[in-house]
Structure formats: C-alpha cells, structure tokens
Amino acid sequence: MDPSSLSLSNFDEKDKKEIQQFIQNEQQKAKFQENVHSLTAICWTRCIAGNKLTGPQIDATEATCLDNCVNRFIDTQKAVISQVEKMGAH
Amino acid sequence: QQQNVENARNLIHKINTSCFEKCVSKPGSDLSQVEEKCIRYCLTKYLSAWNKVSAIYIARIKSDPSSN
C-alpha cells in the first residue's frame, strides 16, 4: 500500500470524523490504563505490600483499603486542583 | 493491539519490582522454594489488585464524572 495514500486528506469528512473519534477513544483508553497502573502501584504499597503473604487472595481488609485508597487519591487530586485554581485566581 | 502489549509489559514490570521487593529480601545464589511460592502468590495478588483497582476506578468515574 502506498504510504502517501494514508494521509487524512484522502478521506471524506465522515471518515475523517470517524478516524478522529477512534484516535480519541484509543487515547482515552491509554490514559485510563496509565491511571490504573499508577493507582495500583500506589495502593499496593499502601494496602498490601507490608502485609504477610499467606496466600494468593486479597482479603476483605485489603479490598476495603484498596477502595478507600483509590477514592481518597482521586479526592486528593480534586482538592489539589481546586486549591491551585483558587491560587491562580489572585 | 499495541496498547495491550504495552499494557502487559508495564504490568509485568511493576509485578517484578513489587514482588522482588516483597519476596526476595536476601538474594542468594538461587531462588528458594519459599521465594518461588511467595512470587507466585504475589503475582496473583497483584493481578487481583489491578483488576479491583480498575473496577473501583470505573465505578468512581461513573458516579463522579468530574474525577476523570
């Protein structure tokens, strides 16, 4: 396939829109994965890393901890953003 | 597809780091059976944690779209 035929200008408006939407979706998915990786790493350290490893399952305490960890992390993000915005308003 | 490969690679790397940290505190000339068992448990547990975090994150975004 001739690479020069792959430029977006060769597609009509409808196809262009579809492709852009596809790219956006893929970018969103990539960002989502990235976030899950970070959250898992952080919350693993907080909730599981220090515990005795008696088996392959996550117990109820650890599961609750993960839930709290993820939600509090997101809360922290929101608090930081809103406070930074307030600072910027001066 | 490429994303999936990248994702898996990322995950494996994190598991390596976390489980080495957790299971191999005194590196010897070989991995002991205790260490191998620990790594097995750790790997499974990390994957479960990943799945749980994913679900928790999705639920949070659904109930609070501003958090994305």
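Scroll up to find the structure this text is about.
Here the focus is the overall build of chain A. The helix and strand inventory of chain A stands at 2 helices and 0 strands. Taking all 90 residues of chain A together, the buried fraction comes to 21%. Surface accessibility of chain A: about 6,600 Å² in total, with carbon and sulfur atoms responsible for 56%.

For the pair helix α1 (residues 13–47) of chain A and helix α2 (residues 33–63) of chain B, the least separation of the axes is 9 Å and the interaxial angle reads 120°. By the criterion of interaxial angle, the relationship of α1 of chain A to α2 of chain B is oblique. Both α1 of chain A and α2 of chain B take part in a crossing whose hand is right-handed. Touching Phe32, Gln33, Asn35, Val36, His37, Leu39, Thr40, Ala41 and Trp44 of chain A of α1 of chain A are Cys42, Lys45, Tyr46, Ala49, Trp50, Val53, Ser54, Tyr57 and Ile58 of chain B, all from α2 of chain B.

This paragraph deals with the interface of chain A and chain B. Tallying the contact residues gives 31 residues for chain A and 28 residues for chain B. Taken together, both faces of the contact between chain A and chain B bury some 2,800 Å²; the carbon and sulfur share is 66%. Among the residues chain A hides against chain B, the three largest losses belong to His37, Trp44 and Leu53 of chain A. Together they make up 26% of the total. Applying the counting criterion to the chain A and chain B interface returns 3 salt bridges. Here Glu62 of chain A ties to Lys45 of chain B by a salt bridge, and the two come within 3.2 Å at their closest N and O atoms. Along the contact surface separating chain A from chain B lie 12 residue pairs in polar contact (both at pLDDT 80 or more). Breaking the side of chain A that touches chain B down by element, the ones donating at least two residues are α1 and α2 (60–88) of chain A. Among the elements that make up the side of chain A that touches chain B, the one with the highest residue count is α1 of chain A (12 residues). Here the side of chain A that touches chain B is built from residues that sort into 15 nonpolar, 10 polar and 6 charged.

This part is about the side chain of Glu62 of chain A. Counting through the fold element by element, Glu62 of chain A comes out in helix α2. On the basis of relative accessibility, which here comes to 3%, the residue Glu62 of chain A falls in the buried class. Here the side chain of Glu62 of chain A touches Lys45 of chain B through a polar contact of 3.2 Å, side chain to side chain. Once you skip the residues sitting within four places of it in the chain, Glu62 of chain A turns out to touch Cys47, Ile48, Asn51 and Gln57 of chain A together with Lys45 of chain B.

On to a nonpolar patch on the surface, then. Residue and element names in this part refer to chain A. Together, Val80, Val84 and Met87 make up a nonpolar patch on the protein surface, roughly 290 Å² of accessible area in all. Mapped onto the elements, Val80 comes out in helix α2. In this structure Val80 comes out as partly exposed when scored by relative accessible area, which is 46%.

Basis of the calculations
- Residues numbered from 1 in each chain as written.
- Chains lettered and ligands numbered in written order.
- Predicted model: local features only at pLDDT ≥ 70, side-chain atom pairs only at ≥ 80, totals over all residues.
- Heavy atoms only, no water.
- Helix = DSSP H or I, 4+ residues; strand = E, 2+ residues; numbered from the N terminus.
- Buried < 20%, exposed > 50% of the residue type's maximum accessible area, 1.4 Å probe, protein only.
- Areas by Shrake-Rupley, 256 points an atom, 1.4 Å probe, with all protein chains shown as cover.
- Axes fitted to C-alpha atoms, helices over the stretch in contact; angles between N-to-C directions.
- Parallel < 35°, antiparallel > 145°, perpendicular 65-115°, else oblique.
- Left-handed = near helix turned anticlockwise from the far one by under 90°.
- Contact = heavy atoms within 4.5 Å.
- Buried area = accessible area lost by both parts, 1.4 Å probe.
- Salt bridge = Lys/Arg side-chain N within 4 Å of Asp/Glu carboxyl O.
- Polar contact = N/O pair within 3.5 Å; in protein donor to acceptor, adjacent residues only side chain to side chain.
- Nonpolar A, V, L, I, M, F, W, Y, C, P; charged D, E, K, R; others polar.
- Patch = residues over 30% accessible without salt bridge, like charges linked within 9 Å, V, L, I, M, F, W, Y side chains within 5 Å.

Read these as layout, nothing more, since geometry by itself doesn't imply function.
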